[in-house]
Amino acid sequence: MNIGIVGLGYWGPNLVRNFAALDAVEGVLCWDQDPARLATVVRQYPKTRAVGSLEELLRSDCAGVAVVTPISFHHPIGMEVLRRGKHLLVEKPIAASVREAEELVAEAARRSLVLMVDHTFLYTGAVRHMREVMEQGGIGEVYYVDSVRVNLGLFQHDVNVVWDLAPHDVSIMTHLLGRGPVAVSAVGVGHLNTMEDVAYLTLHFEGNVIGHLHVNWLAPVKVRRMLIGGSQKMIVYDDTEPSEKVKVYDRGVSIVSREGIYRTLVEYRTGDMSAPKLDTTEALALVTRDFLRAMQGGGPPLCDGTAGLDVVRVLEAADRSMRSGGALVRMDRP
Ligand SMILES: NC(=O)c1ccc[n+]([C@@H]2O[C@H](COP(=O)([O-])OP(=O)(O)OC[C@H]3O[C@@H](n4cnc5c(N)ncnc54)[C@H](O)[C@@H]3O)[C@@H](O)[C@H]2O)c1
């Protein structure tokens, strides 16, 4: 089959490379409104062919299309793709608003087409391992998830730092916890343009679990670190580590006796740390394979349109909270 890709800037070529590597993919039809980018990418990768317009790509026989443009184009181009009867893979976040995301989900459902969002991190060996451990209750009762994702740039021009970076952490947190937040609060400031470039989000989950995210385009160093605290074990996930990205600490605190506030006895447990061997398959290779599997009738992808919509609900709630000075925004259950 043929696959189409729209948008060949920083991220698009990674999808081109991974689709081209799949045996089931005969050709990758490429379109970018920047002719120089288009020519460079098509020269670089096998199986690729440039088309002269989005219309030409949509008229072609490609069975599925990946949209890897800036976020404001995800919805208009994605809707066109679906209306032409083609399966759709959209970059994160799936759309620029809940309304847009809902329209994409409804259109795909109406036409029985695959709608998938590229929440890349869910396909990494690190997140897959943490999910397995947590699903089996391996860290005990979850207390909190604390995530820091900061670096200097890359600025996206059409959205704030929350919409650019937080989709990763929100998708990881909700995937690991198996549920979305019930309320969100956020504060942020913008220094270099009108949009926030530094933000702090707090996510409240059922079961007294709290999640915190720090996303920032103005940090001198790149930090990609998540702490997960449980009653039995604690996890440190550092994505910048070349190996040993996930460390599971057999550490915790327990109450020995509770005889009034000044007499409560606590015990600190400091056991071993283990750094499991993780599957190092490139996450995007698994993303492209999952898209193809779903297109071939193998069942919904791990990150379907609804998963994309759920993340956008959180981002929109965070925006609303930032506009009202950090007020708690309750998530409307659909
Ligand atoms: N999953 C991940 O880890 C990950 C990482 C980086 C970026 N992304 C996502 O990928 C998308 C693109 O990000 P990027 O950093 O590559 O941006 P970018 O600005 O580097 O590239 C975007 C490309 O799209 C092209 N383009 C813009 N509007 C277009 C249109 N209407 N028709 C055709 N081409 C168009 C531009 O010419 C450019 O080449 C964003 O949604 C971003 O959130 C995801």
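Keep in mind that this is a model prediction, so the values were computed, not measured.

A. Local environment of the overall build of the protein. For the protein, the count of helices and strands is 9 helices and 15 strands. Viewed in the frame of its principal axes, the protein has a C-alpha envelope of about 75 × 45 × 40 Å. Looking at the protein alone, contacts between residues at least 24 apart form 66% of all its contacts between residues at least 6 apart. Carbon together with sulfur atoms contributes 52% to the accessible area of the protein, which is approximately 15500 Å² in total. The averaged location of the 40 negative side-chain charges in the protein is 1 Å from the averaged location of its 35 positive side-chain charges.

B. Quick peek at the environment of Pro46. Residue position: Pro46 is located in the loop between α2 (35–44) and β3 (48–50). In this structure the C-alpha to C-alpha distance between Pro46 and His119, which are 73 residues apart in sequence, comes to 25 Å.

C. Up close: the site of the ligand. Taken together, 24 residues sit near the ligand, with Trp11, Asp32, His74, Lys92 and Thr120 positioned nearest. Between the ligand and Trp11 there is a distance of 2.8 Å, counted from an oxygen atom to a backbone nitrogen or oxygen. Protein chains bury 85% of the 850 Å² of accessible surface belonging to the ligand in isolation. Of the residues in the shell around the ligand, the class split is 10 nonpolar, 8 polar and 6 charged.

D. Up close: a nonpolar patch on the surface. A cluster of nonpolar residues, Val253, Ile255, Val266 and Tyr268, forms a patch on the protein surface that exposes about 380 Å² of accessible area. Of all the elements in the fold, those that place two or more residues in the nonpolar patch are β13 (246–257) and β14 (265–274). Looking at the secondary structure, you find Tyr268 in strand β14.

E. Geometry of the nonpolar core. In this structure, Phe19, Val162 and Ile228 are the most contacted members of the largest nonpolar core, which totals 103 residues. Considering each element in turn, this core owes the most residues, 10 residues, to helix α7 (residues 161–177). When residues are assigned to domains, this core turns out to be shared by domain 1 (2–121 + 284–302) and domain 2 (123–279 + 313–330), each giving three or more. Each residue touching Ile228, except ones within four places of it in the same chain, is listed here: Met130, Met134, Ile139, Val142, Tyr144, Val145, Leu176, Lys233, Met234 and Ile235.

F. Highlighting the domain arrangement of the protein. You can read the domains of the protein as domain 1 (2–121 + 284–302) and domain 2 (123–279 + 313–330). The distance between the C-alpha centroids of domain 1 and domain 2 comes to 29 Å. The junction of domain 1 with domain 2 conceals about 1800 Å² of combined surface from both sides, 65% of it contributed by carbon and sulfur atoms. It is Lys92, Val98 and Phe121 in domain 1 that bury the most area against domain 2; as a group they hold 42% of the surface buried on that side. Where domain 1 meets domain 2, there are 2 salt bridges. Between Lys92 and Asp164 there is a salt bridge; the shortest N-O distance is 3.4 Å. Our count for the contact surface shared by domain 1 and domain 2 stands at 8 residue pairs in polar contact (both at pLDDT 80 or more).

G. Focus on the side chain of His214. By secondary structure assignment, the location of His214 is in strand β10 (residues 209–216). With residues near it in sequence (within four places) discarded, His214 still touches Ser147, Val148, Arg149, Val150, Val198, Ala199 and Tyr200.

H. Focus on unusual backbone geometry. Residue Pro93 is reached from Lys92 by a cis peptide bond, and omega for that bond is -15°. Relative to the assigned elements, Pro93 resides in the loop between β5 (87–91) and α5 (98–110). With a phi angle near 65°, Lys47 is a residue other than glycine that sits in the positive phi range. Mapped onto the fold, Lys47 is located in the loop between α2 and β3. Despite not being glycine, Glu244 shows a phi value in the positive range, around 50°. Looking at the element boundaries, Glu244 is found in the loop between β12 (234–238) and β13.

I. Broad picture of the sheet that holds strand β15 (residues 329–330). What the 9 strands build is an open sheet, ordered β14-β13-β12-β11-β7-β10-β9-β8-β15; its pairing is mixed. With partners counted over all chains shown, the strands left at the sheet margins are β14 and β15, one partner each. Along the sheet face, α7 touches β7 (142–152), β9 (198–205), β10, β11 (218–230) and β12 and points at about 155° away from the line of β10. Across the sheet, helix α9 (residues 305–323) lies against β8 (183–189), β9 and β15, angled at about 60° from β8, the strand it touches most.

Here is what the cut-offs are and how they apply
Residues numbered from 1 in each chain as written. Predicted model: local features only at pLDDT ≥ 70, side-chain atom pairs only at ≥ 80, totals over all residues. Heavy atoms only, no water. Helix = DSSP H or I, 4+ residues; strand = E, 2+ residues; numbered from the N terminus. Contact = heavy atoms within 4.5 Å. Areas by Shrake-Rupley, 256 points an atom, 1.4 Å probe, with all protein chains shown as cover. Lys, Arg positive; Asp, Glu negative; His and termini not counted. Charge placed at Lys NZ, Arg CZ, Asp CG, Glu CD. Near = heavy atom within 4 Å. Polar contact = N/O pair within 3.5 Å; in protein donor to acceptor, adjacent residues only side chain to side chain. Nonpolar A, V, L, I, M, F, W, Y, C, P; charged D, E, K, R; others polar. Patch = residues over 30% accessible without salt bridge, like charges linked within 9 Å, V, L, I, M, F, W, Y side chains within 5 Å. Salt bridge = Lys/Arg side-chain N within 4 Å of Asp/Glu carboxyl O. Core = buried A, V, L, I, M, F, W, Y, C linked by side-chain atoms within 4.5 Å. Buried < 20%, exposed > 50% of the residue type's maximum accessible area, 1.4 Å probe, protein only. Domains from an automatic or database assignment. Buried area = accessible area lost by both parts, 1.4 Å probe. Pairing = 2+ DSSP bridges. Axes fitted to C-alpha atoms, helices over the stretch in contact; angles between N-to-C directions.

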